[in-house]
Amino acid sequence: MTETPFPAPLDLFPPTRADGLARLAGFVPKGGRAYAERRNHDLPGHADVSRLSPYIRHRLVTEGDVVRSVLQHQSPQAAEKFLQEVFWRTYWKGWLEQRPSVWTAYREGVRRGLDRVQTEAGLRAGWQAACTGDTGIECFDHWARELSATGYLHNHARMWFASIWIFTLRLPWELGADFFLRHLLDGDPASNTLGWRWVAGLQTPGKTYLATAGNIARYTGGRFDPAGQLAEHAAPVDGPANPPRGPPPQSEPWTQDAATGLVLTEDDLSPGTLLDAGLSPVAHAVLLSAGARSPLAVAPHVHAFTRAATEDALGRIAGRAGPCGGVFEGTEAAQQIADWAERAGLAQVVMPYPPVGPSADLAAGLKTALAEQGIRLVRPIRAEDARAWPHATHGFFRFKDRIPDLTAALHKGAAA
Ligand SMILES: Cc1cc2nc3c(=O)[nH]c(=O)nc-3n(C[C@H](O)[C@H](O)[C@H](O)COP(=O)(O)OP(=O)(O)OC[C@H]3O[C@@H](n4cnc5c(N)ncnc54)[C@H](O)[C@@H]3O)c2cc1C
């Protein structure tokens, strides 16, 4: 098959809230039964799904924006499937918040896999071919190139790709998750790690996801048919049992009359919510973490998206949060922010709660560096997260029962 060139990532996903809201407005008329019927089709252009994930993942557009907009056009019954999908991200985040060691174990798995790649020539060749789209399995190679070129893959393609990576190519799942995280504009520690674990059969023990040629042919409109090329059995993947569940995180309240700095991360780029809730920073700064997604180089389009999305957020709070002290990134960032906070005479630094992942890892270092200057790091959790996460105790099907109440609460909430 001759491939048409893929559009560039930032043309497909312009990194501003205004572009995200425009996409949302264009999608909601299709967010009812049409979405429920068509969402599994992976067709060029991906017109049957919202393509909102890079916006929602960074909270350029919040879940509240999505819920309110969809319910203006659709009844809760018609929008049920779409709303459930939106709440999958919330569920995965809540599940990981209560079992953060799964993220740590994933990171160790990536490092182990990369060590093996250095010493095992066969594994190295297989991994390289999978990442460059040179395996000879046409659909898989197409998705590898689509992901690298555009920063996006349809959900069904992600499932098929992960399944072929694990069960047909027999590559370590952590290296596949790492390949995704380095290229996806919506790269999300919880959805990605747990999505891969789910396909591998580690998330729900004994339940694997095996891609079949017939399913791929059907839902790609016959563009691909890998008959005879795919594993027919899902050989079990080794991994420790899910760790016991810990308590959900607690929101940290800020002190009203203390000299306050605001530090944004890529995890919540709608800081207007905090300002509307009475936070009045005397200065602000940014802690970027895209480079910390992987021990390997992260795709330039991921850096470009997060930087531009952050600039957009800074533009929206201009005049409401004091001067900007800088955009900090890399291994020295925590110390640089602590030095900035000290020079600015801050007593507390408020950071929208970063969920488990690279930003939270950097925030832990920042907390220590600030404490050395006698400055407090305060991480308030959005009300909707604090409400939802404690329900992510078991499987999604138990969590699903809460969605009508969680939706109603979001529907009532003020715009971000
Ligand atoms: C192996 C694997 C890895 C994944 N990695 C990521 C990732 O790194 N980042 C990421 O945002 N999503 C990830 N997903 C989930 C899902 O594939 C994407 O969120 C979805 O494809 C985004 O496209 P969309 O916005 O057009 O989705 P739509 O179908 O329009 O869905 C609307 C919104 O619902 C949410 N959503 C939909 N499906 C899921 C899901 N399965 N899990 C969590 N949220 C969902 C997203 O916020 C999405 O924008 C992964 C799924 C799998 C199977």
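Residues numbered from 1 in each chain as written. Predicted model: local features only at pLDDT ≥ 70, side-chain atom pairs only at ≥ 80, totals over all residues. Heavy atoms only, no water.

Our focus in this paragraph is the site of the ligand. Near the ligand, the surroundings consist of 27 residues, among which Tyr35, Ser50, Arg51, Tyr152 and Asn155 are the closest. The contact in question runs from an oxygen atom of the ligand to an N or O atom on the side chain of Tyr35, over 2.5 Å. A distance of 3.1 Å separates an oxygen atom of the ligand from a polar atom in the backbone of Leu52. Looking at which element gives the most residues to the shell around the ligand, the answer is helix α6 (residues 80–97), with 6 residues. Classifying every residue of the shell around the ligand by side-chain character gives 14 nonpolar, 7 polar and 6 charged. Two domains each put at least three residues into the shell around the ligand: domain 1 (9–98 + 387–412) and domain 2 (102–219). (Near = heavy atom within 4 Å. Polar contact = N/O pair within 3.5 Å; in protein donor to acceptor, adjacent residues only side chain to side chain. Helix = DSSP H or I, 4+ residues; strand = E, 2+ residues; numbered from the N terminus. Nonpolar A, V, L, I, M, F, W, Y, C, P; charged D, E, K, R; others polar. Domains from an automatic or database assignment.)

Under the domain assignment used here, the protein chain contains domain 1 (9–98 + 387–412), domain 2 (102–219) and domain 3 (260–380). The gap between the C-alpha centroids of domain 2 and domain 3 is 30 Å. Between domain 2 and domain 3, the contact holds 17 residues from the first and 15 residues from the second. A buried area of about 1,300 Å², summed over both sides, lies between domain 2 and domain 3, and 60% of it is on carbon and sulfur atoms. At the junction of domain 2 and domain 3, the tally comes to 0 salt bridges. Here domain 2 is connected to domain 3 by 8 residue pairs in polar contact (both at pLDDT 80 or more). For the side of domain 2 that touches domain 3, the secondary structure elements donating two or more residues are α7 (101–119), α9 (138–150) and α11 (173–183). Among the residues forming the side of domain 2 that touches domain 3, the class breakdown is 9 nonpolar, 4 polar and 4 charged. (Contact = heavy atoms within 4.5 Å. Buried area = accessible area lost by both parts, 1.4 Å probe. Salt bridge = Lys/Arg side-chain N within 4 Å of Asp/Glu carboxyl O.)

Moving on, we come to the pairing of strand β2 (residues 283–288). β2 sits mainly inside the fold: 6 of its 6 residues count as buried. Side chains Ala283, Ala285 and Leu287 project from β2 onto one buried face, and the interleaved His284, Val286 and Leu288 project onto a second face that is buried too. Here strand β1 (residues 260–264) runs beside β2; their pairing, made up of 4 bridges, is parallel. When the sheet's bridge partners are listed, Gly261 is paired in β2 with Ala283. In this sheet, strand β3 (residues 324–329) lies alongside β2 in parallel orientation, the contact comprising 4 bridges. For His284, the partnering residue across the bridge sits in β3 and is Cys324. Crossover connection from β2 via helix α15 (residues 300–317) to parallel β3: handedness right-handed. (Buried < 20%, exposed > 50% of the residue type's maximum accessible area, 1.4 Å probe, protein only. Pairing = 2+ DSSP bridges. Right-handed = clockwise from strand over helix to strand, strands pointing away.)

With that settled, the discussion passes to the pattern of salt bridges. Scanning all chains against the criterion turns up 21 salt bridges. Asp134 serves as the salt-bridge partner of Arg145, at 3.7 Å between the closest nitrogen and oxygen. In this pair, Arg145 sits in helix α9 while Asp134 sits in the loop between α8 (121–132) and α9, placing the two residues 11 residues apart along the sequence. Connected through salt bridges with shared partners, the residues Arg17, Asp65 and Arg68 form a single ionic network.

Another point: the state of the cysteines. Under the defined criterion, the tally for this structure stands at 0 disulfides. Cys131 supplies the cysteine sulfur nearest to Cys139, a cysteine that is in no disulfide, at a spacing of 16 Å. On the basis of relative accessibility, which here comes to 1%, the residue Cys139 falls in the buried class. (Disulfide = S-S within 2.5 Å.)

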